[in-house]
Amino acid sequence: MEVDEAEFFNRLLDYRNILYLCHRNADPDAVSSAFALSESIGGTIGLVDGCNRVAAVLIERLGIEVVDKPNPADYSFVVVVDTSTKAQLNDLELTRYCVIDHHTTTALTENAEFYLHRNSTSTVEIVYDILKAMGAPINRRVGIGMLTGIVTDTGHFKHASADTFRTVSKIIGDSGVEYGEVLDLMAGTPQDISMRIAILKAASRVELDRVQDMLIASSHVSSFGGSASSMLISIGADIAFVGTAKGENVRISARAKRDAVSAGVNLGQLMEDVSNEYSGTGGGHSGAAGIDVIGDMKEVLDKCRERTKKILEASLGETSKETSFDDIKEFENE
Ligand SMILES: [Mn+2]
């Protein structure tokens, strides 16, 4: 059954030995939500299967105690945090659990004893409302964690709403944390060497299409496609497609600048349309989307490029110009 913020913590108060369980490769939103709840209600933070880079820095800097791969049977009750599918829990069997989450799909809530779901931009924002309903204070460590969770889940506020900023303002006010501290913490996150290699390779393999002043960059890597795609945008592409292939399994990560979205490029729709031609799934937001399909990577990438060119040509006029690396010099001299 669905409960509200006050009912959620009231029910948790009935348990002594709670496990707050974060999805595999836990992010700062999951870890900080679990941390904030455990600080106020008590209990243990568990990671189903590790955590990402920024979450690892948070855990280290804030001295958050976590248990990796916990056994749910060791606890009286499990709170599944920031997770919407069983796959994200590596199909772990849970008997008595509740869910707190902000994702649109909520398959896990079916068998949950109770759940709290809101369409907020992060789980941290829901947790904030719980802490407020409890009258619980927000200390500096919890504040830093929560702010980091919001910043990362909103793509540095790119997907933030008015409510996001309201909650951020309240957390800063309540905890006394300066926003700059959060930025410093994230800037200090060391980047994985394999990720840096992947990103540099993506840049060196890039193929460009030009429609008027819009540049479509396409490339491929063996991993970190999402990061590589974002990087291509930050170094000058308006739209980026990065493919990763493991055998027949092809994933494309797509990103677009706001101007490209305004020009009619809706990547969520485009990826869904392309994925419909293959077996697999696709979708996302207008400015960030992806597909996982069975097929030939080059062919799938080309479909994404061609469709995007058509959309831009229809909206901006004039035919596109094929652009290779040799042409980049020309661009520079123009
Ligand atoms: Mn989240």
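Everything numeric in this text was worked out from a predicted model, so none of it was measured.

1. Quick notes on the overall build of the protein chain
Counting secondary structure elements, the protein chain contains 13 helices and 13 strands. In summary, the protein chain has a C-alpha radius of gyration of 22 Å against a globular reference of 20 Å for 334 residues, a match within 12%. In terms of principal-axis extent, the alpha carbons of the protein chain reach across some 65 × 40 × 35 Å. Here the protein chain holds 334 residues, and 48% of them are scored as buried. In the protein chain, 59% of the contacts between residues at least 6 apart in sequence involve partners at least 24 apart.

2. Concerning the pairing of strand β9 (residues 239-246)
A large share of β9 lies buried, amounting to 6 of its 8 residues. Sheet topology places strand β8 (residues 214-220) next to β9; 5 bridges connect them, and they run parallel. Residue Ala 217 lies in a different strand from β9, and its bridge partner there is Ala 240. After leaving β8, the chain enters helix α9 (residues 225-234) and then returns to the sheet as β9, a path that is right-handed. Pairing geometry for β9 and strand β10 (residues 249-256), over 8 bridges, is antiparallel. The residue of β10 that forms the bridge with Gly 243 is Ile 252. Between the end of β9 and the start of β10, which pair antiparallel, lie 2 residues, with Gly 247 showing a positive phi angle near 65°.

3. Focus on helix α2 (residues 28-41)
In this model, α2 (14 residues) spans 19 Å end to end at C-alpha, consistent with the 20 Å of a helix rising 1.5 Å per residue. Among all positions of α2, only Pro 28, Asp 29, Ala 30, Val 31, Ser 32, Ser 33, Ala 34, Phe 35, Ala 36, Leu 37, Ser 38 and Ile 41 are buried.

4. Thoughts on the coordination of the manganese ion
Distances from the manganese ion to its protein donors, namely Asp 29 (OD), Asp 82 (OD), His 102 (NE2) and Asp 153 (OD), fall within the range 2.1 to 2.4 Å. Spacing between the donor residues of the manganese ion along their common chain follows D-x52-D-x19-H-x50-D. Of the two residues, Asp 29 sits in helix α2 while Asp 82 sits in the loop between β4 (77-81) and β5 (97-101), which places them 53 residues apart along the sequence. Each member of the pair, Asp 29 as well as Asp 82, carries the same accessibility label: buried.

5. A word on the packing of aromatic side chains
For the structure shown, the criterion picks out 5 aromatic pairs. Note on Phe 8 and Phe 114: the rings are 5.7 Å apart at their centroids and 75° apart in plane angle, and the pair reads as edge-to-face. Linking Phe 8 in helix α1 (residues 5-12) with Phe 114 in strand β6 (residues 114-117), this pair joins segments that are 106 residues apart in sequence. Exposure class is identical for Phe 8 and Phe 114. Each is buried. Seen from their ring centres, Tyr 15 and Phe 77 are 4.2 Å apart, and the 5° between their planes marks the pair as stacked. Taken together, the residues Tyr 15 in the loop between α1 and β1 (18-22) and Phe 77 in strand β4 connect sequence positions 62 residues apart. In textbook terms, an aromatic cluster arises when at least three aromatic residues are bridged by ring pairs, as seen for Phe 8, Tyr 15, Phe 77 and Phe 114.

6. Digging into helix α11 (residues 267-275)
For α11, every residue scored as buried is listed here: Leu 267, Gly 268, Leu 270, Met 271, Val 274 and Ser 275. For α11, the arc enclosing every buried residue in end-on projection is 165°, short of the 170-degree limit, so these residues lie on one face. Check the buried side of α11 and you find it contacts β9, β10, β11 (280-284), β12 (288-294) and α12 (297-316). The N-terminus of α11 is capped by Asn 266, whose side-chain oxygen sits 3.2 Å from the backbone nitrogen of Gly 268.

7. Overview of the environment of Asn 10
Residue position: Asn 10 is located in helix α1. Between the alpha carbons of Asn 10 and Ile 41 there is a distance of 9.9 Å; along the sequence they are 31 residues apart.

8. Some thoughts on the environment of Gly 135
One can find Gly 135 in the loop between α4 (123-134) and α5 (140-153). Taking relative accessible area as the criterion, Gly 135 reaches 59% and is therefore assigned exposed. Separated by 95 residues in the primary sequence, Gly 135 and Ser 40 place their C-alpha atoms 9.8 Å from one another.

Rules used in this analysis
- Residues numbered from 1 in each chain as written.
- Predicted model: local features only at pLDDT ≥ 70, side-chain atom pairs only at ≥ 80, totals over all residues.
- Heavy atoms only, no water.
- Helix = DSSP H or I, 4+ residues; strand = E, 2+ residues; numbered from the N terminus.
- Rg over C-alpha atoms; globule rule 2.2 N^0.38 Å.
- Buried < 20%, exposed > 50% of the residue type's maximum accessible area, 1.4 Å probe, protein only.
- Contact = heavy atoms within 4.5 Å.
- Pairing = 2+ DSSP bridges.
- Right-handed = clockwise from strand over helix to strand, strands pointing away.
- Expected span 1.5 Å × (residues − 1).
- Donors = N, O, S within 2.8 Å, 3.2 Å for Na, K, Ca; no water.
- Phe/Tyr/Trp six-rings, centres within 6.5 Å; stacked < 30°, edge-to-face > 60°.
- Arc of directions from axis to C-beta.
- Polar contact = N/O pair within 3.5 Å; in protein donor to acceptor, adjacent residues only side chain to side chain.

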